[in-house]
Amino acid sequence: MISTHTPPETIFTELAGCYPRTVAAFSQMEGGQRALEAVLGLERRWIELNSSSLISKPFKYVPTGRQLPQCPTEHHYDVIIAGGSLGLVAGAALARRGLKVMVFDRDRVGAAHREWNISRRELAALSNWGIFSPQELAQAIATEYSQGVISFDPTGTGGESCPLFLEGVLDVALDAQAVLDLARRRFVTAGGTILERRTFKHLHMARSGTVASVFEVEGPAGREFYRTRLAIDTMGSVSPIAMGLNSGLPFDGVCPTAGTVVEGLEADSATGEVLMSVAGVQGGRQLIWEGFPGRNGQTTVYLFYYDRTGRNEARKQGLLDLFEQYFALLPSYKQLRPGGRHVRPVYGYIPAKHGRSGKTSARGLLCLGDSAAGQSPLTFCGFGSFVRHVGRVSALVAYALKHDLLEEPHLRRISPHQANLRVAWVFSRLMQPWSSTDPACVNRLMNVFCGALYDLGPDTTVRFLQDRYTFREYLRIMLTTARRHPEVVPLMVRVLGPLGLLEWLSDMAAFATDDIVRGFQARIGQRWLKAERWAARVSPGLRLRLAAMRTLWRALE
């Protein structure tokens, strides 16, 4: 007997007509159907959260005189972290300090969605702060390449390519899942609580009185409520908390990113490609490639572009469209050998510029990671930025909880934002095409910029790409670029516009002021620490401020 039952439609059959290359590649991956569903889900959330009608009130202030939703005593925590990727690492750092911490996620807590590259210098922060041991981190290293390269296509630029060869920039490929598995073990051993399959719904916050909040989540059995003294948001660039905190997106620029971990790619296992273009502007976008050697001959490849955020742009920033481009254009970047295959996808919406009015904290609330858009808008080393600050953030959070310093001005000091990143957004803006008739416009300027970094030497270049540059170094970079290419000054005026230019000058002034105070702290040395000890006795809030400034500057040394 022949069955007339029609098999249920899968996401593969649903999308095959519009995205044939993407469906073909994902269908060959282990778990590819679920992975493609996750990509589509993230794309839809990105579009929906850009819609003003859906940026409702992810957190609700409870009016004075009214109580927060009731929770059982066992649901009370010092810290609750929403988001179980990098949030799990932060949770491990906090739990080891004796705090009662819970981490929840809509899926599995500790599941890797992207690969992580970092330098050994930056990675050492995790062991320096005692979060993991050097031996544990060594076991999580997938591979390490000997040099990195930045190169832009010279075709049509009227000049030559000026590649930069680097040491110590994103040259350590970590097994992201191994790091998260390690963090999960450390977190649970320290007494941390993990809740999975919990979808965030609301954060109820006390407007006055004792600082406290209640997370409302949807669990397997329905609505659940959990009370915390401090709420930490690590739900990433599509976090409804970060969006609600800013009445919209917490960042002004974004890098839609698609790629795969590939086996059998014709790539040099000793070289990582940090930023690479192989063509001019395509479809109004300057596409950029990244390729990092991984474990057992694998290569992690990303394709992305710099763009602005906004409701009108969101529908044009689909990850499925970008994946289709990725699979179509991959041969123009690297060839796949016979028998090669795509192992798993890597993707996301990565913040490329923090909003000028972007907020990363509120009363009893702190945003970290992509939720805070705290990384470089050029190389968007979000993992490196997180690692650089997670130790100091955990120490300062523990101090703030001990002394009830949980108001917004206190938590703002703990936020890992660096003054030097306030000016870096200009570079990402200039990576967005500004001419509809000159497809080589971005590549031309980037080759000039690479030439300026080459003139300034490898130390300045590495510090710039690791977000550790000083105001003096930034000024030298800008002046050297202008000397090489005088047209860059009127170009910036035209691209940024009057308001953008004023914003950049204001950010420059803030960066310069911070650098002056940083230099003063370096000169007085131990006297700053004595001032902290004195402040601890008379004003814990002042001590928090001084310690936050010192540890932030130390992280950039």
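The following refers to the structure shown. (Residues numbered from 1 in each chain as written. Predicted model: local features only at pLDDT ≥ 70, side-chain atom pairs only at ≥ 80, totals over all residues. Heavy atoms only, no water.)

1. Points about the environment of Val 489
Step number 1: You can see Val 489 is positioned in helix H17 (residues 488–524).
Step number 2: For Val 489, a relative accessible area of 49% corresponds to the partly exposed category.
Step number 3: Sequence separation between Val 489 and Leu 479 is 10 residues, and the spatial gap between their C-alpha atoms is 9.9 Å. (Helix = DSSP H or I, 4+ residues; strand = E, 2+ residues; numbered from the N terminus. Buried < 20%, exposed > 50% of the residue type's maximum accessible area, 1.4 Å probe, protein only.)

2. Brief notes about helix H5 (residues 120–128)
Step number 1: Where H5 is concerned, the buried positions are Glu 122, Leu 123, Ala 125 and Leu 126. End-on, the buried residues of H5 take up no more than an arc of 130°, which puts them together on one face.
Step number 2: Among the residues trailing H5, Gly 130 stands out with phi positive, at a value near 80°. (Arc of directions from axis to C-beta.)

3. Thoughts on helix H16 (residues 471–484)
Step number 1: Over its 14 residues, H16 extends 20 Å from the first C-alpha to the last, a length consistent with the 20 Å expected when each residue adds 1.5 Å.
Step number 2: Among all positions in H16, only Phe 471, Glu 473, Tyr 474, Ile 477, Met 478, Thr 480, Thr 481 and Ala 482 are buried. (Expected span 1.5 Å × (residues − 1).)

4. Concerning the pairing of strand S11 (residues 213–219)
Step number 1: Burial runs high along S11: six of the seven residues are buried.
Step number 2: Strand direction decides the pairing type here: strand S10 (residues 199–206) and S11, joined by six bridges, are antiparallel. Looking at the pairing, Phe 200 lines up with Val 217 of S11.
Step number 3: A loop of two residues connects S11 with strand S12 (residues 222–233), the two strands running antiparallel in sequence. (Pairing = 2+ DSSP bridges.)

5. Quick look at the state of the cysteines
Put plainly, two cysteines are in a disulfide when a covalent bond ties their sulfur atoms together.
Step number 1: Inspection of every chain in the model, using the stated rule, returns zero disulfides.
Step number 2: Cys 367 carries a free sulfur, and the closest cysteine sulfur to it, the one in Cys 255, is 20 Å from it.
Step number 3: Cys 450 supplies the cysteine sulfur nearest to Cys 441, a cysteine that is in no disulfide, at a spacing of 15 Å.
Step number 4: Judged by relative accessible area, Cys 441 falls into the buried class, the value being 2%. (Disulfide = S-S within 2.5 Å.)

6. So, unusual backbone geometry
Step number 1: Phi is positive for Leu 170, which is not a glycine, with a value near 55°.
Step number 2: With respect to the helices, strands and loops of the structure, Leu 170 is situated in the loop between strand S7 (164–166) and strand S8 (172–174).
Step number 3: Here the phi dihedral of Asp 467 falls at roughly 65°; this positive angle occurs in a residue that is not glycine.
Step number 4: Topologically, Asp 467 is positioned in the loop between helix H15 (458–465) and H16.
Step number 5: The class for Asp 467 is buried, based on a relative accessible area of 1%.

7. A short note on the side chain of Thr 234
Step number 1: Within the fold, Thr 234 resides in the loop between S12 and helix H8 (240–245).
Step number 2: Polar contacts involving the side chain of Thr 234 include one to the main-chain carbonyl oxygen of Gly 83, which spans 3.1 Å.
Step number 3: If we skip the residues at most four places from it in the chain, Thr 234 touches Ile 81, Ala 82, Gly 83, Gly 87, Leu 368 and Ser 371. (Polar contact = N/O pair within 3.5 Å; in protein donor to acceptor, adjacent residues only side chain to side chain. Contact = heavy atoms within 4.5 Å.)

8. Details of the pattern of salt bridges
Step number 1: Applying the stated criterion across every chain yields a total of 21 salt bridges.
Step number 2: We note a salt bridge from Arg 21 to Glu 324, for which the minimum N-O separation is 3.9 Å. Remark: Glu 324 occurs in helix H10 (residues 319–333) and Arg 21 occurs in helix H2 (residues 20–27); sequence separation between them is 303 residues.
Step number 3: For Glu 324, a relative accessible area of 11% puts it in the buried group. (Salt bridge = Lys/Arg side-chain N within 4 Å of Asp/Glu carboxyl O.)

9. Quick look at the packing of aromatic side chains
We describe a pair of aromatic rings using the distance from one ring centre to the other and the angle between the two ring planes.
Step number 1: Within the structure shown, the criterion is met by 23 aromatic pairs.
Step number 2: With centroids separated by 6.1 Å and ring planes inclined at 85°, the aromatic side chains of Phe 427 and Tyr 474 adopt a geometry described as edge-to-face. Remark: Tyr 474 occurs in helix H16 and Phe 427 occurs in helix H13 (residues 425–429); sequence separation between them is 47 residues. Considered together, Phe 427 and Tyr 474 belong to a single accessibility category, that of buried residues.
Step number 3: Among the aromatic residues, those joined into a cluster by ring pairs are Phe 26, Trp 289, Phe 323, Tyr 326, Phe 327, Tyr 333 and Tyr 347.
Step number 4: Residue placement shows Arg 543 over the ring face of Tyr 399; its charged tip is 4.9 Å from the ring centre. (Phe/Tyr/Trp six-rings, centres within 6.5 Å; stacked < 30°, edge-to-face > 60°. Lys NZ or Arg CZ within 6 Å of the ring centre and 35° of its normal.)

10. Quick word on the nonpolar core
Step number 1: Grouped together as the largest cluster of nonpolar side chains are 57 residues, with contacts concentrated most on Ile 150, Val 274, Tyr 474 and Trp 504.
Step number 2: Sort the elements by how many residues they give to this core and H17 lands first, with nine residues.
Step number 3: If we skip the residues at most four places from it in the chain, Tyr 474 touches Val 423, Phe 427, Tyr 469, Trp 504, Met 508 and Phe 511.
Step number 4: Counting 56 residues, the second-largest nonpolar core is a separate cluster that includes Val 101, Ala 125, Ile 131 and Val 172. (Core = buried A, V, L, I, M, F, W, Y, C linked by side-chain atoms within 4.5 Å.)

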